[in-house]
Amino acid sequence: MNSRHAAWAVGLAALIALPFVYREPYHLHLLVLILIWSFAYTSWSIMGRFGLVSLGHGGFMGVGAYVTALLWNHLGVSPWIGIPVSMVAAGLLALVVAYPCFRFRITGHYFVLVTLALSGIVLQVITATRDYTGGSLGYTPNRAPSGKGFWALQFDDKITWYLIALGVWVAGLVIWRLIDRSMSRYAMEAISEDEDAAAAAGVNVTAEKLKITLISALMTALAGALYCQYQMFISPDTVSGISVSLQMVFAVVVGGIYVALGPTVGAVITLLLAESLRIFFG
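Residues numbered from 1 in each chain as written. Predicted model: local features only at pLDDT ≥ 70, side-chain atom pairs only at ≥ 80, totals over all residues. Heavy atoms only, no water.

Asker: Can you help me understand the overall build of the protein chain in this one?
Answerer: Helix and strand counts for the protein chain stand at 13 helices and 0 strands. Radius of gyration (C-alpha) of the protein chain: 19 Å, near the 19 Å computed for a compact globule of 282 residues. Projected onto the principal axes, the alpha-carbon positions of the protein chain cover approximately 60 × 55 × 40 Å. Scored against the burial criterion, the 282 residues of the protein chain give a buried share of 47%. For the protein chain, contacts bridging at least 24 residues in sequence account for 80% of all contacts bridging at least 6. For the protein chain, the exposed area adds up to about 13700 Å²; of that, 69% sits on carbon and sulfur atoms. Of note, the protein chain has its 15 positive side-chain charges centred 5 Å away from the centre of its 13 negative side-chain charges. (Helix = DSSP H or I, 4+ residues; strand = E, 2+ residues; numbered from the N terminus. Rg over C-alpha atoms; globule rule 2.2 N^0.38 Å. Buried < 20%, exposed > 50% of the residue type's maximum accessible area, 1.4 Å probe, protein only. Contact = heavy atoms within 4.5 Å. Areas by Shrake-Rupley, 256 points an atom, 1.4 Å probe, with all protein chains shown as cover. Lys, Arg positive; Asp, Glu negative; His and termini not counted. Charge placed at Lys NZ, Arg CZ, Asp CG, Glu CD.)

Asker: Which parts of the structure should I look at to understand the packing of aromatic side chains?
Answerer: Geometry of an aromatic ring pair is reported as the spacing of the ring centres plus the angle between the planes. All chains considered together, the criterion is met by 8 aromatic pairs. Look at Phe 155 and Trp 161: their rings are 5.9 Å apart centre to centre, the planes differ by 70°, and that puts the pair in the edge-to-face class. Looking at Trp 161, the relative accessible area reads 2%, which means it is buried. A network of ring pairs unites the aromatic residues Trp 80, Phe 150, Phe 155, Trp 161 and Tyr 230 as a single cluster. Of note, Arg 49 hangs over the ring of Trp 176, and the distance from its end group to the ring centre comes to 4.3 Å. (Phe/Tyr/Trp six-rings, centres within 6.5 Å; stacked < 30°, edge-to-face > 60°. Lys NZ or Arg CZ within 6 Å of the ring centre and 35° of its normal.)

Asker: Is there a simple way to think about the nonpolar core in this case?
Answerer: Residues Trp 37, Tyr 227 and Ile 234 are the most contacted members of the largest nonpolar core, which totals 70 residues. Tallying contributions element by element places helix H10 (residues 205–231) first for this core, with 13 residues. (Core = buried A, V, L, I, M, F, W, Y, C linked by side-chain atoms within 4.5 Å.)

Asker: Can you help me understand the pattern of salt bridges in this one?
Answerer: Per the counting criterion, the structure on display carries 10 salt bridges. For Glu 208, the salt bridge is made with Lys 211, and the minimal N-O distance between the two is 3.6 Å. Residue Glu 208 and its partner Lys 211 are located together in helix H10, separated by 3 residues, close to a single helical turn. Residue Lys 211 is classed as partly exposed on the basis of its relative accessible area, which comes to 38%. The residue Arg 278 makes a salt bridge to Glu 275 at a minimum N-O spacing of 2.5 Å. A residue pair is termed a helical-turn pair when its members lie 3 or 4 positions apart in one helix, as Arg 278 and Glu 275 do in helix H13 (residues 262–281) at 3 residues. When its relative accessible area of 44% is taken as the criterion, Arg 278 is described as partly exposed. In this structure, a network of salt bridges that share partners links the residues Arg 49, Arg 177, Asp 180, Arg 185 and Glu 189. (Salt bridge = Lys/Arg side-chain N within 4 Å of Asp/Glu carboxyl O.)

All we've got here are geometric facts, nothing functional implied.
Below, the structure written as structure tokens:
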């Protein structure tokens, strides 16, 4: 084990031990939010680092959150099942939107506008179906009966949620690293430089773009579902729409788009800044 791996191991061990040593609920709450949003920002950076600037991730996050909650409230489907279903729904939505764009070479600002429309459409659908989603008033997953919190993925203990969020955050870093060390990275870098040259060199441009987009959409939907289950309240403005998409872009750019921990740094900066402004100004 080299010094870099040793540093990562020590850091991870410290993060795992943290909630057992320091149990302040408010600070653990902030850490859980930072980890969940860091995972969401990491999912955006997987696309953004290759020049695929998307403003549609607010739509994917909204699908992940609302599909999971609706399945639980109306059909009694456990989030353990509902979360994979919501991820599949977000993945299908990503393919439906992205395939025509990549197939017909809709890139640059035009691709940004298409994804912007996606965020707006998801937001409007959530707001319009207020009889089911609560519309702009928000939506609350039903509380599980006593003794069935695990089945409903509802935990009152913040340490449990911290460990779940930490595991998901680590998984996001692992996925980022695997992509960074894969041939897809070189293919996507070639595509971002010159699509025609990449295609001439044998790169399947459409397939590579779709692969990265699908991975990013699935991760974003998972982040939305976990945010919903942790907060036990969602609204269109907090998990969907252009504001959430712009929040992801801003945080990743601030933290660093080309490094694995960049989105995490962006999450720390943006969430602590937002919390400070809330405390001082209301």
